[in-house]
Amino acid sequence: MMGGMSLKTWGLTPRPNLFVLVLIELLRPDFLETAWGKLTNGGFRKLLTSGAYFPDCRHLASTFPATTLATLATGAWPAEHGIVADSWWDHRWRQTVKASEEELLATTVAGQIAAEAGTRVYVVAPDAAQAGLVASHPAARLFWQNREGRFNTLGTAPDWLSPFNTQRPIDALRGAGWLAAGAPAGSKPLRELTYNAAHPKVFDELYQSSPFAAAAQFEFLRELATNERLGQSGSFDFVCLVVSAPARLGFETGAFSPLMQQMTLQLDLQMESLLTQLRRTLGDKGFDLALAGCHGAPPAPSPSARSRMAVEGESVAQAVESALRDRNLGHVQKYLYPFLYLDGGTARDLEPLRQAAAAAALEHPAVAGYYTAGGACSSRDEWERRFRNSFHLRRCGDVMLSYRPEYVEDYGQGRGISYGSLYNYDTSVPLCFYGSRFRSGSFESPVEAVDLAPTLARACGVAPPSSSTGRVLAEALAE
C-alpha cells in the first residue's frame, strides 16, 4: 500500500483479489458503436453499460503499437518513457533499436504491483517484447505465443502449460476458414488460412491476423485463471492480456474492412466467455476489469489514390538531402518514419540544420507538419502538444514529421496501412472500468491514455508508476 495508507484512507471499498486488464490493439470507439446491435449481452455491451465507460480516451502522441502499449502501462508519454516507435535509429551506433523492456525508461503499473508483497502478476501477450513492456519487473510471470502457436514462459514452466499447448496444435488450423460471428457450421468462410509448405510465412501471417489467434490468447487466459486459481489463492492477483490480432489484420485491410467489424464481433464473444468464467468462479464482486484500446487505424487508401497516399519514405529523405546539399548545411543520416536523423558535421548548433530540413520536408506533397529537437513546430495548437509528447531527445533524432491525414507508409506490397500518426483515427480509443470498485455510467468528457495507469494504481492500492503524468479518473471510482 502507498506509504502504509490503507484503502479505507482513500475512501475506497476493499479491492477484490483479482484485477484483469485487457489491452486490445486497434480498437476504436466507433467500432463498438457500429457493431452495437450485434454485440452479445455479456461481452463488450456488459462492460460498457455496467462499467465506467470513457468513449473519448485520447493518445495525444504518436501511436505505434509498442508506443501506445508503453503509454498505457506507464501513464507517461513517449517523451518520458522513451518507446517512441516500434523501432528507432541509434545514430551513435548507426543501427536500428527495437522497442523492448530494456529500452523502457519508466516503471509500469504492473511492475508497481509486482513489487508489492503478497501479489502475483501475470502478462499474456503475442510476443515476449510486448509482455516485457507491460510488466517491467522480474517478479512478473510472462507468457507469449511463438510462431508455432505454443505459449512460452521464462524459467520453469507450470505443469499445465505443456498439456495446454499439446491439445491445441496450430497445424490443425491449416486451411481453416473463419466464419462470421454466429454463422452456422458449413457457412462460406470470410477468409481461409491457406497453407503452402514452400511459403509457411503466409500461413503464419494469416493466423496472427485472425480471430483464431485472439481466441487462443483468451483461452490461455481462462486456462491460466483456472490452473493458477486467480483471485482464490489469498494473494492479490493482477493479470494483463494484450491482444494484437486486430492490429495485424489492420495492417493489411485498414480500419473499414468488413473483416475488421467481424474481428470486433469475435472479440466480443471471447470477452463474454471470459466474463462468464470469472463471474462463475469468483462472483460478480470477486474481480475488477479494465478494457482499453491501444490505438486506432486509418482506412486503407483506395486503389486509385494509393500511388499518391502511400508514401515511399526514401523519397522524403532524398528531397531533404537534396535541399541540404544545395545549401551545404549537412546530410540526412537516416530517415526512419517519422524521424529524420541528420549529420551536421562539426556544427555546434544543429537547430538551423533541423529547421532547414523541416522546411524542405514540408515541400514534399505528403508531409503536413514537423517538430524539431529544438522545439520548432509547424503548429502552435493541440498538434504542437501531440508532437512534444511524442519526442524524446535521444531517440527521435532531429526532426519528427507528420504526413497528411490518412496517408500511410508504403511497404512495397501495394496494399495495407501503417500506424503511428497523430491523427484522431489513430489516437481515439475506448476505455472502460468494470467491477465493484467502479461506478456505472458513460463519461463523455475527454480523458487521456496516460490516465489509465494512475487510475489502476489507485484501484489496486499501489503507488503510481515512476513517470506517470496522468490523473486518477476519480469519476470512475465507486467511492
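Bear in mind the structure is a predicted one, so any value in this text is a computation, not a measurement.

A.B. asks: Tell me about the packing of helix 13 (residues 313-327) against helix 14 (residues 351-362), and name the residues and values.
C.D. replies: Closest axis-to-axis distance for the helix 13/helix 14 pair is 8 Å, and the angle between their directions is 130 degrees. The orientation of helix 13 relative to helix 14 falls into the category oblique. Taken as a pair, helix 13 and helix 14 cross one another with a handedness that is right-handed. For the pair formed by helix 13 and helix 14, the contact residues are V320, A323, L324 and R327 on the first element and L353, A356, A357, A360 and A361 on the second. Grouping the constituent residues of the contact of helix 13 with helix 14 by class yields 8 nonpolar, no polar and 1 charged.

A.B. asks: Can you tell me about the sheet that holds strand 14 (residues 339-343), naming the residues and giving the values?
C.D. replies: The strand order 13-14-16-15 describes an open sheet built from 4 strands, whose pairing is antiparallel. Across the chains shown, the open sheet's two edge strands, defined by having one partner strand only, are strand 13 (331-336) and strand 15 (367-372). Put simply, the sheet's adjacent strands are angled 25 degrees from each other on average, direction ignored. Pairing geometry for strand 15 and strand 16 (residues 399-403), over 5 bridges, is antiparallel. Bridged to Y370 within strand 16 is L401. Helix 13 rests against strand 13, strand 14, strand 15 and strand 16 of the sheet, and its axis sits at about 165 degrees to strand 13. Across the sheet, helix 14 lies against strand 14, strand 15 and strand 16, angled at about 170 degrees from strand 15, the strand it touches most.

A.B. asks: Can you lay out the packing of aromatic side chains for me, pointing to particular residues and giving the numbers?
C.D. replies: Considering all chains together, one arrives at 20 aromatic pairs under this definition. Centre to centre, the rings of F19 and F238 are 6.0 Å apart; their planes meet at 25 degrees, and the pair counts as stacked. Of this pair, F19 sits in strand 1 (residues 18-24) while F238 sits in strand 10 (residues 236-243); the two residues are 219 residues apart in sequence, bridging distant segments of the chain. Since its relative accessible area comes to 1%, F19 is described here as buried. A relative accessible area of 0% places F238 in the buried class. Between F151 and F220 the ring centres are 4.2 Å apart and the planes differ by 15 degrees, which places this aromatic pair in the stacked class. Note that F151 is positioned in strand 7 (residues 151-153) and F220 in helix 9 (residues 211-227), a separation of 69 residues in sequence. These aromatic residues form a ring-pair network of at least three members: F19, F54, F238, F433, F438 and F443. Cation over ring: R174 sits above Y195, and NZ or CZ is 3.8 Å from the ring centre.

The rules behind each value
- Residues numbered from 1 in each chain as written.
- Predicted model: local features only at pLDDT ≥ 70, side-chain atom pairs only at ≥ 80, totals over all residues.
- Heavy atoms only, no water.
- Axes fitted to C-alpha atoms, helices over the stretch in contact; angles between N-to-C directions.
- Helix = DSSP H or I, 4+ residues; strand = E, 2+ residues; numbered from the N terminus.
- Parallel < 35°, antiparallel > 145°, perpendicular 65-115°, else oblique.
- Left-handed = near helix turned anticlockwise from the far one by under 90°.
- Contact = heavy atoms within 4.5 Å.
- Nonpolar A, V, L, I, M, F, W, Y, C, P; charged D, E, K, R; others polar.
- Pairing = 2+ DSSP bridges.
- Phe/Tyr/Trp six-rings, centres within 6.5 Å; stacked < 30°, edge-to-face > 60°.
- Buried < 20%, exposed > 50% of the residue type's maximum accessible area, 1.4 Å probe, protein only.
- Lys NZ or Arg CZ within 6 Å of the ring centre and 35° of its normal.

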